[in-house]
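A look at the structure
So the chains spell out like this:
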Amino acid sequence: MPRLNNIAVTAETPGQQKKAALLAKELGLPVSEPATGSHALLLVVTEDRLELRQSGAKAPGPVWIDFAGGKTDYRRRKGGGRKQTLVRAIGVKGKKLPTILDATAGLGQDSFVLACQGCRVEMMERNSVLAALLEDGLRRAADDPDIGKIVRERMVLSRGDSLTELAKIPANHRPQVVYLDPMFPHRSKSALVTKEMRILRTLVGDDEDSDQLLTAALRVAQNRVVVKRTAHPQRPNVTKHRPTTKP
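Residues numbered from 1 in each chain as written. Predicted model: local features only at pLDDT ≥ 70, side-chain atom pairs only at ≥ 80, totals over all residues. Heavy atoms only, no water.

On to the side chain of Thr104, then. Here Thr104 shows up in the loop between β4 (100-102) and α4 (109-116). For Thr104, a relative accessible area of 15% puts it in the buried group. (Helix = DSSP H or I, 4+ residues; strand = E, 2+ residues; numbered from the N terminus. Buried < 20%, exposed > 50% of the residue type's maximum accessible area, 1.4 Å probe, protein only.)

And the structure:
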């Protein structure tokens, strides 16, 4: 569930202070100085992007969303295309490009993979800080010469609790596929191997309503619901669920 009680917004430079103040007001968060260490997490407005940073001497490096570079771009170019487990589970085949609702958008990496394969993806994110990071990443990616068209035409983000928003979807706008990648409770520290996952766990905690979300998704999806469960950090399992009733 969203946890926003120990996070503040700050500006990396004096020139970004006004922007940081506006963002803090929008998100309902306090403004803090970067070096105070009074909050576990800081949402930092820099000259180039929006970053999420963890406080403390042994904290991992910052997290930001970069669709045009790093691991996400490598996955786009070298990740296996339509042979990827996720893409196959979604049902992408030949000219079949299902419409997808990613009800747990997170950092948007899986949504981007699916958009790169030709699918139109609507992303939902209920944590306002993650949504702000996503909006920033999508804005920058939209201007990129290589992926800008993909992002502009196939990826759209909406803020809101998926449990509530799924119930509002009219019958004539139901997605063909609903994708879920909830933050399941981890069984050991070995399940959190990346700095992104460690910081996200601090930010959002566990999605304790994942069972209810699956039930809601099954009521909405036309064809299938796809759920990712990470049994091993490097070998995520993807399972498919067929709707048993139609709304």
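Okay, the pairing of strand β1 (residues 7-11) next. Judged by how many residues are buried, β1 sits mostly within the fold: five of five residues are covered. Going residue by residue along β1, you find Ile7, Val9 and Ala11 tucked away on one face and Ala8 and Thr10 tucked away on the opposite face as well. With five bridges joining them, β1 and strand β2 (residues 41-45) adopt parallel strand pairing. Looking at the pairing, Thr10 lines up with Val44 of β2. (Pairing = 2+ DSSP bridges.)

Glancing now at the confidence of the model for the chain. Scored by pLDDT, the chain has a mean of 87; 87% of the residues are at 70 or more. Here strand β9 (residues 237-241) is the element of the chain with the lowest mean pLDDT, 71, and β4 is the one with the highest, 98. Predicted confidence is poor over residues 187-192, with pLDDT under 50, and the contacts of this stretch with residues over four places away or in other chains come to seven contacts. (pLDDT = per-residue confidence, 0-100. Contact = heavy atoms within 4.5 Å.)

The next point concerns the packing of aromatic side chains. Taken as a whole, this structure holds one aromatic pair when the rule is applied. Look at Phe67 and Phe112: their rings are 5.2 Å apart centre to centre, the planes differ by 40 degrees, and that puts the pair in the tilted class. Here the residue Phe67 occupies a position in the loop between β3 (50-54) and α2 (70-78), and Phe112 occupies one in helix α4, the gap between them amounting to 45 residues. Here Phe67 matches Phe112 in class, with each residue buried. Positioned above the aromatic ring of Trp64 is the side chain of Arg49, whose terminal nitrogen or guanidinium carbon lies 3.5 Å from the ring centre. (Phe/Tyr/Trp six-rings, centres within 6.5 Å; stacked < 30°, edge-to-face > 60°. Lys NZ or Arg CZ within 6 Å of the ring centre and 35° of its normal.)

Looking now at the pattern of salt bridges. One pass over the structure, following the stated rule, counts 14 salt bridges. Of the charged contacts in the structure, one is a salt bridge between Asp209 and Arg126, with a shortest N-O distance of 2.9 Å. With Asp209 in the loop between α8 (195-204) and α9 (210-220) and Arg126 in the loop between β5 (121-125) and α5 (128-142), this residue pair connects regions lying 83 residues apart in the sequence. Taking the shortest distance from any N to any O, the salt bridge between Arg139 and Asp136 comes out at 2.6 Å. (Salt bridge = Lys/Arg side-chain N within 4 Å of Asp/Glu carboxyl O.)

This part covers the side chain of Asp110. Following the sequence through the fold, Asp110 ends up in helix α4. By relative accessible area, Asp110 is classed as buried at 8%. Within polar-contact distance, the side chain of Asp110 engages the side chain of Lys228 at 2.8 Å. Apart from residues lying up to four places away in sequence, Asp110 is in contact with Arg75, Leu86, Tyr179, Asp181 and Lys228. (Polar contact = N/O pair within 3.5 Å; in protein donor to acceptor, adjacent residues only side chain to side chain.)

As a further point, take the environment of His241. By secondary structure assignment, the location of His241 is in strand β9. A residue is classified by how much of its surface remains accessible, and His241, at 26% relative accessible area, is partly exposed. A C-alpha to C-alpha distance of 8.9 Å links His241 and Asn223, two positions 18 residues apart in sequence. Excluding residues within four positions of it along the chain, His241 makes contact with Leu214, Leu218, Arg224, Val225 and Val227.

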